[in-house]
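Spelled out, the chains give:
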Amino acid sequence: MALVSQVLVIFFAFIVWKVLKKLTAEKNPIANIAGPEKEHWLKGNYHRIFQDGLEYNLNLAEKYGGAVKIYGLLGDPQLIVSDPKALHHIVVKEQNIYEETDMFIMGNKLIFGEGLIATLGEQHRKQRKILNPVFSMANMRDLLPVIQPISNRLCAIFESQLPPDGGSKEVDVMPWMSRGALEYIGQAGLGHSFNALDIDARDVYTQAVKNLGPTTLRLILFRPFIPAVVRNFSLYWRNKIIDWAPIPALRDLQKIVEIMDKASKDILTEKRADLVRGKKTGLFRAGTKGKDIMSVMLEANAASHESEKLTEAEMLGQMNTFIFAGFENTATALSRVFHTLAVHKDAQVRLRTELRKAKREYANIAEADTERWKQVELPYDVLMGLPYLDAVVRETLRVYPPSSLFGRTLRKDTTLPLQYPIRTVTGKETTLLPLRANTNIIISIIASNHNKKVWGEDASEWRPERWVTSNQEFDVNNLSDSKDNVKYPGVYSTIMTFLGGNRACIGFKFAEMEIKQVIATLISHFDFSLPSALDGHGVKKEIYWKISALQVPVVRHPFGDGKTPSMPLDIRVICDDDFV
């Protein structure tokens, strides 16, 4: 109990220090920027922004523009940014002075180790140099055949749950998207199967990875205190704090990290042994082994100059990062795609028709053959080049990004330019924002992707047609509805979902390929509809997406508790009427 008392003393001392620092500091320039009133003495506006905050975040941008002053913990003034020119400066032009926050870097390092999302500066540059070629298009082509059998197995699982008479059945799609995503990244990323699609398998690692996201969300309001704890307490005392603190989520997270760390070390040992065997037998060169991302990374690292090689800690960090990023976000994106297609049945029919045509043409199958085309596996270039499939994926990732907000800390004084003017607290318009070092900035992915000045008045509508021309071809130059053809600096299709610059998601090509393959497999076999079952009052199940740090589908009352992740859809085998 003495330790708990010490922690509480330090906690309150930290609060007092923050308050005194704020009272004695010079006036922050962003105090002149308009924004909402502070709503809580401790949480500021954070609880509105980060906890089921879709409408709140969109309304901030609608009311105040592309740069909004909000209040963080203890009333710390911060800036939410969605202006395209400002984001170009933050993530591209001046990215060296807009770094990830200490909270983000230290928190990720504690959970994942020294991977890409937990490093800065020269260390991050070195890691990126090794990893960029690993995610090349050539390697993606090699990985597609690894993913295809897994999506086929998922298809078989769905089919086994349907009635033999061709009728529909309600299936909770969300857990299967999660299981599939974990197996895709396991086999294609690490060359290791987690048996995630085996219903009877009880793998502690699989369960740990599934629980990681929800557990970190339970601790979201404690994350700002991570840097102070890490800087002031040794590992021994941090573990003691976890043991004594009345916060069960901390102990749950510690257990998850221990399980992930042990599994990663075991897999890394296995992969290194495979690499040695492959060199001795020539299997890698023959193309029968070593196609997964981890094997390619190990070979690239072994071939690098000694000063550029990744350490074992860095290799383990990449593995943990691959798994979490490739699992959580992809499962969310896939779930959102199928829910959206269940809502927009016309789009689902059009997409299925495009897939059937492409498969028939590729395999030279006659139109009279109504079944064989379903089993055709499209090669990488054909799959990635389908215009309407591409439009569906891009539009879903634009309107419904799996992650909505990212943080940055400004490391030196600067002036941030804006594409579109905003009003100050005095009502004056400005396009130049003087900012002071150590100002915290929140990049609003959701507000950027819904910006009406860039995407048009229908920016919040899901409309895949905005991505294709009249002749059904993808045209990135036909996207913006702004007068000056303004675009965002996103690494993927000018949207901000995968960010931009040197901190952009390095695996976005893999994620895109994986998502398209799963859609192509399942839409070729099944029709997806919203739940049709009624309760005693004639009410249908309603799926609601709670948007916090991540998006999570839940079922509203009275069918669900509004908290547990779930996405029930009616599924049936397709028939002749399911095409244009």
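Nothing here was measured: the structure is a model prediction, and the numbers come from that model.

**Notes on the overall build of the chain**
Of regular secondary structure, the chain possesses 21 helices and twelve strands. The C-alpha atoms of the chain give a radius of gyration of 25 Å, which matches the 25 Å a tight globule of 580 residues would have. By principal-axis analysis of the C-alpha atoms, the chain measures approximately 80 × 60 × 55 Å. Every one of the 580 residues in the chain was classed for burial, and the buried ones make up 53%. Between the averaged position of the 73 positive side-chain charges in the chain and that of its 67 negative side-chain charges there is a distance of 6 Å.

**Points about the nonpolar core**
Ranked by internal contacts, the top residues of the largest apolar core, which has 141 residues, are F158, F338, F510, I519, L522 and F528. Ranked by the residues each element gives to this core, the list is headed by helix 15 (residues 312–343), at 14 residues. Residue contacts for F528: discarding those within four places in its chain leaves F158, F338, L341, A342, K345, Q348, L522, I523, L569, D570 and I571. Counting residues in hydrophobic clusters, the runner-up holds 15 residues, among them F50, Y56, Y64 and I220.

**With respect to the pattern of salt bridges**
Applying the stated criterion to the full structure yields 35 salt bridges. The closest approach of N and O atoms between D369 and R372, which form a salt bridge, is 3.0 Å. When its relative accessible area of 24% is taken as the criterion, D369 is described as partly exposed. Sharing partners across several salt bridges, the network here consists of E395, R398, D458, R463 and R466.

**Some remarks on the packing of aromatic side chains**
Throughout the structure, instances matching the rule amount to 13 aromatic pairs. Taking the centre distance of 4.8 Å and the plane angle of 15 degrees together, the rings of F194 and Y205 count as stacked. Note that F194 is positioned in the loop between helix 8 (173–190) and helix 9 (204–218) and Y205 in helix 9, a separation of eleven residues in sequence. For F194, a relative accessible area of 4% corresponds to the buried category. Here the aromatic residues F158, F338, F526 and F528 are joined through ring pairs into a cluster of three or more.

**Some thoughts on helix 5 (residues 102–112)**
All buried positions along helix 5 are accounted for by I105, M106, G107, N108, I111 and F112. Phi turns positive one or two residues past the end of helix 5, at G113, with a value near 90 degrees.

**A few points about the sheet that holds strand 12 (residues 568–573)**
Hydrogen bonding along the main chain pairs the strands of a sheet, whether they run parallel or antiparallel. What the three strands build is an open sheet, ordered 4-12-9; its pairing is antiparallel. Edge positions in the open sheet fall to strand 4 (169–172) and strand 9 (526–529), since each of these has one partner strand only. Direction aside, neighbouring strands of the sheet carry axes that sit 40 degrees apart on average. As defined by bridge partners, strand 9 adjoins strand 12 across four bridges and the pair is classed as antiparallel.

**Considerations on the packing of helix 8 against helix 15**
At a closest axis distance of 8 Å, the pairing of helix 8 and helix 15 adopts a crossing angle of 140 degrees. One element, helix 8, and the other, helix 15, form an angle in the oblique class. Considering the relative orientation of helix 8 and helix 15, their crossing is right-handed. Counted together, M174, M177, S178, A181, L182, I185 and L190 of helix 8 and M319, F322, I323, G326, F327, T330, A331, L334, S335 and F338 of helix 15 form the full contact between these two elements. A breakdown of the residues in the contact of helix 8 with helix 15 according to their chemical character gives 13 nonpolar, four polar and no charged.

**Quick word on the packing of helix 7 (residues 137–160) against helix 8**
With their axes 10 Å apart at the nearest point, helix 7 and helix 8 run at an angle of 155 degrees to one another. One finds that helix 7 runs roughly antiparallel with respect to helix 8. Crossing of helix 7 over helix 8 shows right-handed handedness. Between helix 7 and helix 8, the contacting residues are L143, V146, I147, I150, S151, L154, I157 and F158 on the first element and V173, W176, M177, G180, E183, Y184, Q187 and A188 on the second. Within the contact of helix 7 with helix 8, the residues separate by chemical class into twelve nonpolar, three polar and one charged.

**Observations regarding the confidence of the model for the chain**
Residues of the chain with pLDDT of at least 70 account for 91%, and the chain-wide mean is 89. Taken as a whole, residues 281–289 scores under 50 in pLDDT and shows eleven contacts with residues more than four places along the chain or in a different chain.

**Things to note about the environment of I226**
Considering the arrangement of structural elements, one finds I226 in helix 10 (residues 226–232). Here the alpha-carbon distance between I226 and I105, two residues 121 residues apart in the chain, equals 9.8 Å. If we skip the residues at most four places from it in the chain, I226 touches M106, G107 and L110.

**Observations concerning helix 3 (residues 54–64)**
For helix 3, every residue scored as buried is listed here: Y56, N57, L58, L60 and Y64. A positive backbone phi angle near 100 degrees is found at G65, which sits one or two residues after helix 3.

**Let's talk about the pairing of strand 7 (residues 429–435)**
The two faces of the sheet receive side chains in turn, since in a regular strand these alternate between them. Where strand 6 (residues 414–423) and strand 7 come together, six bridges link them in antiparallel fashion. When the bridges of strand 7 are listed, P417 appears paired with L432. Hairpin geometry of strand 6 and strand 7 is characterised by an intervening segment of five residues between the two adjacent antiparallel strands and by a positive phi of about 95 degrees at G427.

**Some words on the side chain of Q348**
Looking at where Q348 falls in the secondary structure, it is placed in helix 16 (residues 345–363). For Q348, the side chain forms a polar contact with the main-chain oxygen of L341, separated by 3.0 Å. Within the local environment of Q348, its side chain forms a polar contact with the side chain of R352, the two groups lying 2.7 Å apart. In contact with Q348, other than residues within four places in its own chain, are L341, A342, I523, F526, D527 and F528.

**Focus on the pairing of strand 11 (residues 551–555)**
Strand 11 sits mainly inside the fold: five of its five residues count as buried. Alternating positions in strand 11 separate into two faces, Q551, P553 and V555 on one and V552 and V554 on the other, with burial throughout. Bridge count between strand 10 (residues 543–547) and strand 11: five bridges; the pairing is antiparallel. Among the inter-strand pairings, I547 is bridged to a residue of strand 11, identified as Q551. Between strand 10 and strand 11, which pair antiparallel one after the other, the connecting turn spans three residues.

The rules behind these values
Residues numbered from 1 in each chain as written. Predicted model: local features only at pLDDT ≥ 70, side-chain atom pairs only at ≥ 80, totals over all residues. Heavy atoms only, no water. Helix = DSSP H or I, 4+ residues; strand = E, 2+ residues; numbered from the N terminus. Rg over C-alpha atoms; globule rule 2.2 N^0.38 Å. Buried < 20%, exposed > 50% of the residue type's maximum accessible area, 1.4 Å probe, protein only. Lys, Arg positive; Asp, Glu negative; His and termini not counted. Charge placed at Lys NZ, Arg CZ, Asp CG, Glu CD. Core = buried A, V, L, I, M, F, W, Y, C linked by side-chain atoms within 4.5 Å. Contact = heavy atoms within 4.5 Å. Salt bridge = Lys/Arg side-chain N within 4 Å of Asp/Glu carboxyl O. Phe/Tyr/Trp six-rings, centres within 6.5 Å; stacked < 30°, edge-to-face > 60°. Pairing = 2+ DSSP bridges. Axes fitted to C-alpha atoms, helices over the stretch in contact; angles between N-to-C directions. Parallel < 35°, antiparallel > 145°, perpendicular 65-115°, else oblique. Left-handed = near helix turned anticlockwise from the far one by under 90°. Nonpolar A, V, L, I, M, F, W, Y, C, P; charged D, E, K, R; others polar. pLDDT = per-residue confidence, 0-100. Polar contact = N/O pair within 3.5 Å; in protein donor to acceptor, adjacent residues only side chain to side chain.

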